[in-house]
Amino acid sequence: MDELPLGTTGETVSPLCLGAMYFGSRTDPETSRAILDRYYEAGGRFLDTANIYATWVDGHDEPASEPFLGEWMADRGNRDEMFLATKVGFDYGDVPQSLDPDLIEREVEKSLDRLGTDYVDLLYAHVDDRETPLAETMAAFDRLVESGTVRHIGASNYHGWRLARANTLAEERGLTEFSCVQPRFSYLVPHRNADFAPQRPATDELVTYCDDHDLTMLPYSPLLQGCYGRDDRRIPEGYVTTENRLKMEAVQDIAERKDASGNQVALAWMTQRDPPTIPVVGYSSVEQLEENIAALDLELSDAEMERLNGIETLGGLQ
Ligand SMILES: NC(=O)c1ccc[n+]([C@@H]2O[C@H](COP(=O)([O-])OP(=O)(O)OC[C@H]3O[C@@H](n4cnc5c(N)ncnc54)[C@H](OP(=O)(O)O)[C@@H]3O)[C@@H](O)[C@H]2O)c1
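The present account deals with the structure reproduced in this document. No experiment lies behind these values; they were computed from the predicted model shown.

**A few points about the sheet that holds strand E4 (residues 46–48)**
With parallel pairing, the eight strands of this open sheet are ordered in space as E9-E8-E7-E6-E5-E4-E3-E10. For this open sheet the edge positions go to strand E9 (216–217) and strand E10 (280–282), each flanked by a neighbour on one side alone. Pairing geometry for strand E3 (residues 17–19) and E10, over three bridges, is parallel. Bridge pairing in E10 links Gly19 to Gly282.

In structure tokens form, the structure reads like this:
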């Protein structure tokens, strides 16, 4: 896998980030390990988890993903090779939803303990906190970076204007800025009134801010649960629009012509965007992973990219 620059970090990372949300809970340990091993073997080095994963799954009140990754890295002796991202901010168990400085510090300590490491490469604010003063939150993240506990910070589920305000404030005070973002983002665009709260889809405003400031977007739910290539997955609620039906037709048509799957076309569209995004994809089988790794080699022509992008502007003035 050829690596891509990650935002303003000055580092490069795998072009496909492995979403480990259900490892050790919904995805059984054997399958989770097999997916991790295959990803590593294919050259993948970028893991995505969070302190809360996946405490909403029946029978898993305690976080399972972080300890699972910790065990796998210890077993394979590869912690220093991996680019490890985790998150803080959402509620679980008796932990409230907050980016209060003390809470951030406590939760990061717990994450390190579960992951069996003394640093994380990337820490996301998992969700914005409008109660805690932004300056206090950014100062808390900065202290973690200064101490070497966290190497870089990112923002997930932020409004564009809040992200801009956070980074402007950090810049003015000489604090660490968010260097990348993780929004809900896919080829299909949700309709205006769709509500995924507390998840926040990328808006045009967020995308242009990121593009202008060299912040990489790392879309989560990039395949909308695989709906681009599965008969058992329809266009999800919140995405049922005429435009998206046309988009689906274009994806299916291009997939057929290229002997690829619709999910591969959707992934190729994301990785070939200008600037490219780094999709954070989840899996429940090694076969899904194989298919998505192969999508990195699926080249969409300029005409195909134009066709896919053109649907957005149908009916607009050209
Ligand atoms: N920051 C946030 O707020 C946030 C929120 C959600 C997720 N995330 C991160 O993003 C990651 C991915 O999220 P997600 O699970 O919602 O994303 P997704 O990529 O939209 O969905 C993953 C699911 O799609 C299906 N799939 C994947 N590849 C496929 C293929 N080639 N063919 C057919 N089906 C395929 C599988 O479904 P089945 O398992 O049903 O077969 C897989 O579990 C998570 O692991 C997590 O790390 C972050």
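Further notes follow.
**What to know about the side chain of Asn263**
In this structure, Asn263 sits in helix H8 (residues 262–271). Residue classification places Asn263 among the buried residues on the basis of a relative accessible area of 7%. In contact with Asn263, not counting residues within four places along its chain, are Leu223, Gly226, Cys227, Tyr228, Gly229, Arg230 and Glu291.

**Overview of the pattern of salt bridges**
Overall, the coordinates contain 17 salt bridges when judged by the stated rule. For Glu290, the salt bridge goes to Arg38, with nearest N and O atoms at 2.6 Å. Here the residue Glu290 occupies a position in helix H9 (residues 286–294), and Arg38 occupies one in helix H1 (residues 29–41), the gap between them amounting to 252 residues. When its relative accessible area of 32% is taken as the criterion, Glu290 is described as partly exposed.

Criteria and cut-off values
- Counting restarts for each chain, with residues numbered from 1 along the sequence as it is written.
- With pLDDT at 70 or above as the cut-off, local features in this predicted model cover only qualifying residues; side-chain atom pairs require 80 or more to be listed or tallied, and sums for whole chains, interfaces and linings still use all residues.
- The side-chain quantities take in all heavy atoms of the structure and omit both hydrogens and water.
- Strand pairing is assigned whenever DSSP identifies at least 2 bridges connecting the two strands.
- In this description a helix means any DSSP run of H or I spanning at least four residues, a strand means any run of E spanning at least two, and both kinds are numbered starting from the N terminus.
- Exposed residues in this analysis have more than 50% of their type's maximum accessible area, buried residues have under 20%, and partly exposed residues fall in between, with area computed by a 1.4 Å probe over protein chains only.
- Only heavy atoms enter the contact rule, under which two residues are in contact if any of them lie within 4.5 Å.
- Every case where a carboxyl oxygen of Asp or Glu lies within 4 Å of a side-chain nitrogen of Lys or Arg is listed as a salt bridge.

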